[in-house]
Amino acid sequence: MMPPEESLAAPVLRTTGLHRRYLLPRRALFGPRDSVHAVNGVDIAIPERGSLGIVGESGCGKSTLARLAMGLEPPSEGRVEIRGQDLAQASGPALKLLRRAFQMVFQDPYGSLNPRHTVGRIVAEPIDALEKPADRRQRVEEVLRAVGMRPADLDKYPHEFSGGQRQRIAIARALVTRPALIVLDEPVSALDVSVQAQVLNLLRDLQEQYGLAYMLISHDLAVVDYVCRQVAVMYLGRIVEEGPASLLFERPAHPYTQALRQAVPSAAVANRRRRRARLPGGVPSQTRLPPGCAFADRCPIAEARCRVEVPRLREIGPGQRAACHLA
Ligand code: SF4
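All residue numbers refer to position in the chain's written sequence, counted from 1. The predicted origin of the model limits local features to residues at a pLDDT of at least 70 and limits the giving and counting of side-chain atom pairs to 80 or more, whereas totals for whole chains, interfaces and linings rest on all residues. With hydrogens and water excluded, all non-hydrogen atoms of the structure serve as input to the side-chain values.

Q: Please provide a residue-by-residue account of the state of the cysteines, values included.
A: Throughout, a disulfide means two cysteine sulfur atoms within 2.5 Å of one another. One pass over the structure, following the stated rule, counts 0 disulfides. Cys60 forms no disulfide, and the closest cysteine sulfur to it belongs to Cys228, at a distance of 14 Å.

Given below as C-alpha cells:
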C-alpha cells in the first residue's frame, strides 16, 4: 500500500492478516451459531504523513477495520501495529502513548459531541484524559483556529453551531493531542453537499500543516480520491483492489471498483449530486459467503471459474493490485 518513495519508513499503522468475526445468536435453542466475517484477512500499511482511503458500500467491513485499527475492539486473528508496536501487547503508559498518536473523527457531528459540554471542554477531552498539560487552553485555542473557528467559541455549546462547524470542532478535538494518524469515518457524508468541499479542503490543509497521516473511510470514491494518495476498495470484508488513488479513479481494474467509479458523476455535476453504485444482483449473505468470488452474482463479466475459485489479491501493474481472475 505504500508508495515506493515512502516504503522504507516504518508505517504509522500496519495491519497483518486481520480478521474479525462476530458470532450471531442461535436461531434454535441447541442449533449452531452463525458468524459474520466482517473483516477477512486485511493487510494495510500507512506511512507517516501518508493517506489511505478505504472505500466500499455499507456493510463491507470498512468501519470495523477502522475500529480494529484504533484498538476499539480486538481482532479475531491478526495483528495491529502502531509505529512497529503490537497494539495487543501494549498496556499502561505505553498504551497511553500509542493512543495519543491515534485519534478518530466520526460520521455524525451531531451525535459525536456531548450537547451538555462546552466546545472548550469537548476539544480538551483527549488531553484531559491523557495528561492535563499546563498549556491546555493555548492548545485548545490553537486547534480551534486551525480548523477555522474562533477562540471565542470555547464557551459555546454544540447546538449553537451548524453541522459543518460541529465537524470542525470534532476535527479540532482529534488534533489536540498532536496525533500522528487520524481515522476519519465518513467525515462528510452527514453534511450538506455545499459544506462537504470546505471540510475536505480543511482536511487537506491540516494534513500538510500538521504532518498527519489519514485513514479515511468512505462509500464515495470521489471523496477518497480528493484527500488520499492511496486507496483500498473493500467488498464483503476483503480488499478487492488497491493502489494510487489517481490510478484507481482513472483506470479501475476490478469490476466492483469500476461500478463505484461509474457512480461518481462528471465534474460538472459532482458538487450537486452523488449517486450510489448501481449493480445487478444482491450482496450475498455475510453469514454464508459463496464459494469462489464473492462478487460473482453482481459481476457483469463473471465466468465459470469465478464461482469456484477465490481470486487472490495480486499485482496487475505498477503499484496496483486487484483480486479478480480477469483483471
Ligand atoms: Fe467478476 Fe470473476 Fe473478477 Fe470476481 S473474479 S470480479 S466474478 S470477473
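Q: Help me get a handle on the site of the ligand, residues and values and all.
A: If a single non-hydrogen atom of a residue is within 4 Å of a molecule or strand, that residue counts as near it. The environment of the ligand is formed by 13 residues, the closest being Cys293, Cys299, Cys306, Cys324 and His325. Split into classes, the residues belonging to the shell around the ligand amount to 11 nonpolar, 2 polar and no charged. Three classes are used, and their members are as follows: Ala, Val, Leu, Ile, Met, Phe, Trp, Tyr, Cys and Pro are nonpolar, Asp, Glu, Lys and Arg are charged, and the others, Gly among them, are polar.

Q: Just give me the short version of the packing of helix 5 (residues 163-175) against helix 6 (residues 193-210), but keep the residues and values in it.
A: At a closest axis distance of 10 Å, the pairing of helix 5 and helix 6 adopts a crossing angle of 20°. Classified by the interaxial angle, the pair formed by helix 5 and helix 6 is roughly parallel. Crossing geometry of helix 5 relative to helix 6 is assigned as right-handed. Within the contact between the two elements, helix 5 uses Gly164, Arg168, Ile171 and Leu175 and helix 6 uses Val195, Gln198, Val199, Leu202, Leu203, Leu206 and Tyr210. A breakdown of the residues in the contact of helix 5 with helix 6 according to their chemical character gives 8 nonpolar, 2 polar and 1 charged. Only the contacting stretch of a helix is used when fitting its axis, a line to C-alpha atoms as for every element, and angles between N-to-C directions run 0 to 180 degrees. Strands are runs of DSSP state E lasting at least 2 residues, helices are runs of H or I lasting at least 4, and numbering of each runs from the N terminus. Every angle not falling under 35 degrees, over 145, or within 65 to 115 is termed oblique; those three ranges are roughly parallel, roughly antiparallel and roughly perpendicular. Definitions for this section: a left-handed crossing has its near helix turned counterclockwise from the far helix by less than a right angle. A right-handed crossing has that turn clockwise. Contact between two residues is taken to exist if any of their heavy atoms lie within 4.5 Å; hydrogens are not considered.

Q: Give a description of the sheet that holds strand 10 (residues 238-244) that names residues and reports values.
A: We treat two strands as partners when DSSP finds at least two bridges between them. With respect to topology, 8 strands assemble into an open sheet ordered 6-7-8-3-9-10-12-11, the strand pairing being mixed. Unpaired on one side and paired on the other, strand 6 (102-105) and strand 11 (314-317) mark the two borders of the sheet. Here the strands of the sheet are splayed against their neighbours by 20° on average, with no regard to which way each runs. Pairing geometry for strand 11 and strand 12 (residues 320-322), over 3 bridges, is antiparallel. Paired with Arg314 across the two strands is Ala322, which belongs to strand 12. Along the sheet face, helix 5 touches strand 6 and strand 7 (181-185) and points at about 175° away from the line of strand 6. The strands that helix 9 (residues 255-262) touches are strand 3 (51-55), strand 9 (230-235) and strand 10; relative to strand 9, the one it contacts most, it runs at about 110°.

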